[in-house]
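A look at the structure
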Amino acid sequence: MHEFGIAQSIMQIVLDEARKANARKVIKVTLNIGELAGVLPESLSFCFEILAKSTIAENAALAINRIPIRVHCSQCEVTFQVRDNHYHCPRCGKTAMEIVSGRELQIAQLEIDNETD
Amino acid sequence: MKQIELQQDILGHNNSIGYENSAIFARKGIFVLNLMSSPGAGKTTLLERTIDMLKGKYQLGVIEGDIATSYDAERIGAHGVEVTQINTGGACHLDSSMIKKVLVNFDLDRLDMLIIENVGNLVCPAEFFLGEDAKAVILSVTEGEDKPLKYPLIFRLAKALVINKIDLLPYIDCNISRIIKDASSLNPALAIFETSCTGHTGLNTWKEWLEGKINEKRKNRLNA
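Residues numbered from 1 in each chain as written. Chains lettered and ligands numbered in written order. Predicted model: local features only at pLDDT ≥ 70, side-chain atom pairs only at ≥ 80, totals over all residues. Heavy atoms only, no water.

Time to look at the environment of Leu 153 of chain B. Within the element layout of this structure, Leu 153 of chain B appears in helix H6 (residues 152-157). Here the alpha-carbon distance between Leu 153 of chain B and Ile 76 of chain B, two residues 77 residues apart in the chain, equals 29 Å. When sequence neighbours within four positions are dropped, the list of residues in contact with Leu 153 of chain B reads Leu 36 and Arg 103 of chain A together with Ala 126 and Glu 127 of chain B. (Helix = DSSP H or I, 4+ residues; strand = E, 2+ residues; numbered from the N terminus. Contact = heavy atoms within 4.5 Å.)

Right, dumping it as structure tokens:
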């Protein structure tokens, strides 16, 4: 539901970084989006495309890596992947609370066309 | 062509302002609660009951978040506490800079507890840290027992779950023990309360939980 706001934040960071690197054009933006993050990739791509119009990021490709949910059981020192909301430690059976990954909302990488090229 | 490795958090800016807010609350010893639920679960009514139970003993402040209107702020204001309305103008959640901006409306030296009533929504508010000590979710029994597993993030992050409108249980098909079981399975440390805000039932344990949190926060300030 808040994909537009997220897309705005992404665009701001992308344009700032691209400018710093003297980019003529942004070719590709790669995001890491955790499966626990309340963001729909399709909707995010749609908003990104609209916001990119008339900027150096127009027509840039948006690649989204979905990051699986992994949690850590501090008692058993076991890290495991969560499927179907099953947060129980495979060793002791207790719910593991420490989220290792899955909440990511990250810009991983930019690919730009450089002025000096 | 050039590749730039960023690994930058998109919500990093929101988080850093959230931490600035939380540093202010720590200094002043104010317990801050971020109250979340879907629209109509009973956030404002729970808030009214909570204020009436605690206002003689503690200084309370309320931030009301809504997409539009100041109806809720008017309801809360009638109970004699400091209240500020934030209209997000369409946004489905509050963010930390909105909170920071309105803190000037409160006398922070006097405040014991600040309750932030977030925009009605079970998805987005969970993503945005405001600087709070605890998130509390209200789930009304009319919403159905499947909600914890459908919206796991908010139930994982919350410290308290208020299951509201239990007076309606005889009339609807809702298995409250499944709500409790699923929510506890996602988050065993979750404090769970069963209430009817209109029927004034189950509110005492909720009040005691809040008082514990307020006193703990105050003590930490005094020790600092």
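The next thing to look at is the sheet that holds strand S2 (residues 61-67) of chain A. Pairing within the open sheet is mixed, and its four strands lie in the order S2(A)-S1(A)-S6(A)-S1(B). Bordering the open sheet on either side are S2 of chain A together with strand S1 (2-9) of chain B, each of which pairs with just one other strand. Averaged over all adjacent pairs, the angle separating strand axes in this sheet is 20 degrees, with direction ignored. Relative to strand S6 (residues 105-114) of chain A, strand S1 (residues 23-34) of chain A runs antiparallel, the two sharing nine bridges. If you follow Val 29 of chain A over to S6 of chain A, its bridge partner there is Leu 110 of chain A. Those strands touched by helix H2 (residues 41-52) of chain A are S1 and S2 of chain A, and its axis lies near 155 degrees from that of S2 of chain A. (Pairing = 2+ DSSP bridges. Axes fitted to C-alpha atoms, helices over the stretch in contact; angles between N-to-C directions.)

Right, let's get into the sheet that holds strand S4 (residues 82-87) of chain B. Residues and elements named next belong to chain B. With respect to topology, seven strands assemble into an open sheet ordered S4-S3-S5-S2-S6-S7-S8, the strand pairing being parallel. For this open sheet the edge positions go to S4 and strand S8 (191-194), each flanked by a neighbour on one side alone. Going across the sheet, the axis of each strand differs from the next one's by a mean of 20 degrees, ignoring polarity. Summarising the sheet, strand S2 (residues 31-37) and strand S5 (residues 113-117) pair through five bridges and their orientation is parallel. In the strand pairing of S5, Leu 35 is matched with Glu 117. Sheet contacts for helix H8 (residues 203-223): S2, S5, strand S6 (134-140), strand S7 (160-164) and S8; angle to S2, the most-contacted strand, approximately 140 degrees.

Our focus in this paragraph is the state of the cysteines. Under the defined criterion, the tally for this structure stands at zero disulfides over all chains. Free cysteine: Cys 47 of chain A, not disulfide-bonded; nearest cysteine sulfur from Cys 92 of chain B at 11 Å. Judged by relative accessible area, which is 8%, Cys 47 of chain A ranks as buried. (Disulfide = S-S within 2.5 Å. Buried < 20%, exposed > 50% of the residue type's maximum accessible area, 1.4 Å probe, protein only.)

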